[in-house]
Amino acid sequence: MKKLVVLTGAGISAESGFATFRDSGGLWETHPVERVATPEGWYQDPDFVNEFYNGLREQLVDAKPNRAHEILAELEKDYDVTVITQNVDDLHERAGSSKVIYLHGELMKACSSRDPQNPFHIVTLDREHLTIEPGTKAGDGSLLRPYIVWFGESVPNIEPAAEEVMQADVFVIVGTSLAVYPAAGLIHYCRRDIPIYLIDPKEVATPSGFNVTVIQDVATKGMARLVEMLKAEG
Ligand code: APR
């Protein structure tokens, strides 16, 4: 089986009702990044930060994977698929993707604010326990915080992600502005001879020297077009 590696961003969840970050009306227009997505913002006002992610979580449990997530999961019939996502939602898994690498954390988890990556203090939230209330403590006695990789924090999963990209026979990029590193740099780990498909309704700049086919469309339609193109290639 050929190895298909997919890098996804906020655009793949847009048709499930989620605002992207940098489009007009995007999350970073309505919520200042420095307040809700940096360690400094957290130290300044942890309750405000938890409230922001509590709201996203409430939205997430009522959202559904869209056709793009589903098509990606269905590709596992014909390919060895790895999804590398910058998204913190769980829509890939709920659509049935079996191998998902989260670069920026997971909205449905919470962790210690002293030691965010300590697996002993990472807890999974569910529909009945969706919100982190003010003052809630993690197992180590520090404040419980969202299990999200904020700006300025390290991205522990970038290495396993890069390993996957190095072995890819096909690389697909869906719904990301490729504005945030190190995720945006993953394309550099592709073998130069492999086909790369980029699905996005807007123009997204990619480095030269790669074999990129642009599918300028929204994720649901673009993924359907991708399947046809992959079939035609054999
Ligand atoms: N289908 C596909 N792509 C879409 C759709 C759609 N329906 N709607 C919008 N897009 C595209 C936009 O054109 C844009 O290129 O999705 C991309 C979204 O880009 P960003 O808002 O920058 O989101 P993303 O690239 O995922 O951001 C990366 O930045 O703030 C951080 O941690 C956050 O993981 C996030 C990271």
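The coordinates are above.
Thresholds applied
- Here the residue numbering is sequential within each chain, running from 1 through the sequence in written order.
- Confidence filtering applies because this is a predicted model: local features only for residues at pLDDT of at least 70, side-chain atom pairs given and counted only at 80 or more, and all residues used for totals across whole chains, interfaces and linings.
- For the side-chain quantities, the full set of heavy atoms in the structure was used; hydrogens and water were omitted.
- Between the rings of Phe, Tyr and Trp (Trp by its six-membered ring), a pair exists once the centres lie within 6.5 Å; its type follows the angle of the planes, with under 30 degrees stacked, over 60 edge-to-face, and the other angles tilted.
- Think of it in three bands: residues with accessible area under 20% of the maximum for their type are buried, residues over 50% are exposed, and the middle band is partly exposed, with areas taken using a 1.4 Å probe on protein chains only.
- Note on conventions: DSSP H or I runs of at least 4 residues are helices, E runs of at least 2 residues are strands, and numbering of each starts at the N terminus.
- A strand pair is defined by DSSP finding two or more bridges across the two strands.
- The span one expects for a helix is its residue count, reduced by one, times 1.5 Å.
- Any two residues whose heavy atoms approach within 4.5 Å are treated as being in contact.
- Axis lines are fitted to C-alpha atoms, over the contacting stretch for helices. Their N-to-C directions set the angle, which ranges from 0 to 180 degrees.
- Whether a residue is near a molecule or strand depends on its heavy atoms: if one lies within 4 Å, it is near.
- Pairs of N or O atoms are called polar contacts if they sit within 3.5 Å, as long as, within protein, a hydrogen donor faces a hydrogen acceptor (for residues adjacent in sequence, only side-chain-to-side-chain pairs).
- Accessible surface area values rest on a Shrake-Rupley calculation with a 1.4 Å probe, where residue burial reflects the displayed protein chains alone.
- Polar here means any residue other than Ala, Val, Leu, Ile, Met, Phe, Trp, Tyr, Cys and Pro, which are nonpolar, and Asp, Glu, Lys and Arg, which are charged; Gly is therefore polar.
- Salt bridges are defined as contacts in which a side-chain nitrogen from Lys or Arg sits within 4 Å of a carboxyl oxygen from Asp or Glu.

Colleague: Is there a simple way to think about the packing of aromatic side chains in this case?
Modeller: Aromatic rings in a pair are described by how distant their centres are and how their planes are angled relative to each other. Counted by the stated rule, this structure contains 4 aromatic pairs. Each ring, one from F21 and one from W28, has its centre 4.9 Å from the other, and the planes form 40°; the classification is tilted. Residue class for F21 comes out partly exposed when judged on its relative accessible area of 29%. Members of the aromatic cluster, joined through ring pairs, are W42, F52, Y53 and W150.

Colleague: Explain the pairing of strand β8 (residues 195-199) here, please?
Modeller: The side chains of a regular strand alternate between both faces of the sheet. β8 sits mainly inside the fold: 5 of its 5 residues count as buried. Burial along β8 is two-sided: the residues P195, Y197 and I199 and I196 and L198 are all buried. In this structure, strand β7 (residues 170-174) lies alongside β8, joined through 4 bridges in parallel fashion. Within the sheet, the bridge partner assigned to V174 lies in β8 and is I199. Summarising the sheet, β8 and strand β9 (residues 211-215) pair through 5 bridges and their orientation is parallel. Within the sheet, the bridge partner assigned to P195 lies in β9 and is N211.

Colleague: I'm lost on helix α5 (residues 46-62) in this one. Help?
Modeller: One turn of an α-helix holds 3.6 residues; hence residues three or four places apart share an orientation. Counted at 1.5 Å a residue, the expected span for α5 with its 17 residues is 24 Å, and the 25 Å between its end C-alpha atoms agrees. Within the span of α5, buried status applies to P46, V49, N50, F52, Y53, N54, L56, R57, L60 and V61. In this structure, the buried side of α5 is in contact with α2 (27-30), α3 (33-36), α4 (39-44), α7 (91-95), β4 (105-112) and β6 (144-148).

Colleague: What should I look at first to understand the sheet that holds β4 in this one?
Modeller: By way of backbone hydrogen bonds, the strands of a sheet pair with one another, either parallel or antiparallel. Spatially, 3 strands are ordered β5-β4-β6 in an open sheet, and the strand pairing comes out antiparallel. Of all the strands in the sheet, just β5 (123-124) and β6 have a single pairing partner and so form its edges. Where β4 meets β6, 4 bridges bridge the pair, whose relative direction is antiparallel. Across the sheet, residue A110 finds its bridge partner in β6, namely P146. Lying on the sheet, α5 is in contact with β4 and β6; it crosses β4 at an angle near 140°.

Colleague: Any chance you could explain the site of the ligand here in plain terms?
Modeller: Taken together, 22 residues lie near the ligand, and R22, W28, T176, S177 and D200 sit nearest. Contact between the ligand and S177: an oxygen atom at 2.5 Å from a side-chain N or O atom of the residue. Within the backbone of A219, a nitrogen or oxygen atom sits 2.8 Å from a nitrogen atom of the ligand. The protein chains hide 93% of the 740 Å² of surface that the ligand would expose on its own. Residues of the shell around the ligand, tallied by class, amount to 9 nonpolar, 8 polar and 5 charged.

Colleague: For this particular structure, what's the right way to read the pattern of salt bridges?
Modeller: Pairs may arise between side chains of opposite charge once their charged atoms sit close together. Applying the stated criterion to the full structure yields 14 salt bridges. Across the pair R127 and D62 runs a salt bridge whose closest N-O atoms are separated by 3.7 Å. Taken together, the residues span a long stretch of sequence, with R127 in the loop between β5 and β6 and D62 in helix α5 at a distance of 65 residues. Pair check on accessibility: R127 and D62 agree, each one exposed. Linking R67 and E74 is a salt bridge whose minimum nitrogen-to-oxygen distance equals 3.0 Å. The network of salt bridges with common partners includes K3, D80, K99 and E164.

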